[in-house]
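Overview (structure and organization)
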Amino acid sequence: VMPNSKHYLLGFWAGMVSPVIQLADKAPKALETCIQQITLAYVESRLFMAEASANANNTSDWDDPLEDEVLRAEQLEVLSNLGRCRYQDTAQHIMKHFDDTQRIGSQGSMPQALFGKKMTWLVYMMGALVGGHASTKASRADTECAPTHVVNGELAGRVFRLVNLTDQQPSPPESLELAYLYFLEQFRKVYIGEHAKQVVQQQVSERLATVLGLEDENAVLGLLVNKIGKNLQHRYSLEPVIKKTLALFHELAAGINIVHTSDRSPHLIVSGRLLLKNDMVKY
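This write-up is about the structure you can find in this document. (Residues numbered from 1 in each chain as written. Predicted model: local features only at pLDDT ≥ 70, side-chain atom pairs only at ≥ 80, totals over all residues. Heavy atoms only, no water.)

On inspection of all chains with the given rule, the structure shows 15 salt bridges. Among the charged side chains, a network of salt bridges with common partners joins Asp167, Glu177, Lys227 and Arg235. (Salt bridge = Lys/Arg side-chain N within 4 Å of Asp/Glu carboxyl O.)

A word on the packing of helix α3 (residues 29-54) against helix α4 (residues 69-82). Two elements in contact, α3 and α4, have axes whose closest approach is 10 Å; the angle formed by their N-to-C orientations is 145 degrees. Read as a crossing pair, α3 and α4 show a hand that is left-handed. When α3 is examined against α4, the residues Ile35, Ile38, Thr39, Tyr42, Val43 and Arg46 are found in contact with a partner set consisting of Gln75, Val78, Leu79 and Leu82. Its residues assigned to classes, the contact of α3 with α4 shows seven nonpolar, two polar and one charged. (Axes fitted to C-alpha atoms, helices over the stretch in contact; angles between N-to-C directions. Helix = DSSP H or I, 4+ residues; strand = E, 2+ residues; numbered from the N terminus. Left-handed = near helix turned anticlockwise from the far one by under 90°. Contact = heavy atoms within 4.5 Å. Nonpolar A, V, L, I, M, F, W, Y, C, P; charged D, E, K, R; others polar.)

On the surface, Tyr8, Leu9 and Phe12 cluster together into a nonpolar patch covering about 350 Å² of accessible area. Relative to the helices and strands, Tyr8 is located in helix α1 (residues 3-15). With a relative accessible area of 61%, Tyr8 lands in the exposed category. (Patch = residues over 30% accessible without salt bridge, like charges linked within 9 Å, V, L, I, M, F, W, Y side chains within 5 Å. Areas by Shrake-Rupley, 256 points an atom, 1.4 Å probe, with all protein chains shown as cover. Buried < 20%, exposed > 50% of the residue type's maximum accessible area, 1.4 Å probe, protein only.)

What follows is about helix α5 (residues 87-106). In an α-helix, one turn spans 3.6 residues; hence positions three or four apart end up facing the same way. With 20 residues, α5 ought to run about 28 Å at 1.5 Å a step, and its terminal C-alpha atoms sit 28 Å apart, in line with that. Those residues of α5 not exposed but buried are Tyr87, Gln88, Thr90, Ala91, Ile94, Met95, Phe98 and Thr101. On an axial view of α5, the arc spanned by its buried residues comes to 150 degrees, and they lie on one face. Buried positions along α5 lie against α3, α6 (112-132) and α7 (148-166). (Expected span 1.5 Å × (residues − 1). Arc of directions from axis to C-beta.)

Looking at the secondary structure, you find Leu178 in helix α8 (residues 174-191). For Leu178 and Leu66, which are 112 residues apart along the polypeptide, the C-alpha to C-alpha distance reads 9.5 Å. With near-sequence residues (within four places) excluded, Leu178 lies in contact with Tyr124, Pro240, Val241 and Lys244.

A few words now on α6. Compared with the 30 Å implied by 1.5 Å per residue over 21 residues, the 30 Å span of α6 between its first and last C-alpha is a close match. In terms of burial, α6 is largely enclosed, as 18 of its 21 residues are buried.

This part is about the side chain of Thr101. Mapped onto the elements of the fold, Thr101 is located in helix α5. You can call Thr101 buried: its relative accessible area is 5%. Apart from the residues lying within four places of it in its own chain, the contact partners of Thr101 are Met110, Phe115, Lys118, Met119 and Leu122.

Next up on the list: the packing of aromatic side chains. Any two aromatic rings considered together are summarised by their centre-to-centre distance and by the angle between their planes. The tally for this structure, following the rule as stated, stands at three aromatic pairs. Note on Phe160 and Phe187: the rings are 5.7 Å apart at their centroids and 90 degrees apart in plane angle, and the pair reads as edge-to-face. Taken as a pair, Phe160 in helix α7 and Phe187 in helix α8 lie far apart in primary sequence, 27 residues in all. Its relative accessible area of 9% is what places Phe160 among the buried residues. Among the residues examined, Phe187 registers a relative accessible area of 0% and is labelled buried. Here a set of aromatic residues connected by ring pairs shows up, and it is made of Phe160, Phe183 and Phe187. (Phe/Tyr/Trp six-rings, centres within 6.5 Å; stacked < 30°, edge-to-face > 60°.)

And the structure:
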């Protein structure tokens, strides 16, 4: 099968997701199952690609999406659409890979290059899930599972904990830092800024903060600002990372006046003060 044919077929199946979600119980269950199988196979193929690219003896002539932003964006968009069907099952599958990879890596049983490649793909895929599920209804299977904000909180919690670990390292992989910024941008679109006003409500934002073990949505915002500050202080030698970091800060500041609530003016003051009071902003 030619690569272009694969992309077309994946796009076809991704395009089937919206009708399946809209039809709900009227949609053929077998079709939903097929889409889920394709989604999980796609996830596995990205991790297999990570293993191949981390192998120093690899002689494959394919382009590594982690090194090609356009190709990577296309592939993440496909996963973003596919993941909307049985979103929570897909999220649990990816989180299991995340936990297993982190456990094996912490034991020193996995080469550092392979650990970096796998975690980079997993963070990218987690970001694609969060961003893709922002404005969609739950599928039939999802209605029987935990609320979406709980799953998103579990995804975000894992990423933020990994960010804290790698921020202590002098030179983490550039690709992993870029994956963090992609995740944070998808997270921002859903929970912070103008788009979030249309997607989530105040109570959802407060429940998400609870899942993350934080006091309120201001503390959630603080996590993003802290990562921006860390990058500007310690990742200044990585030009692509700095560019993406500044772009994230620009989007964050531009949408800071609209945060999950209809009581707009008072929240504008609170959010502005948060940025000014944040320790990282002082630097």
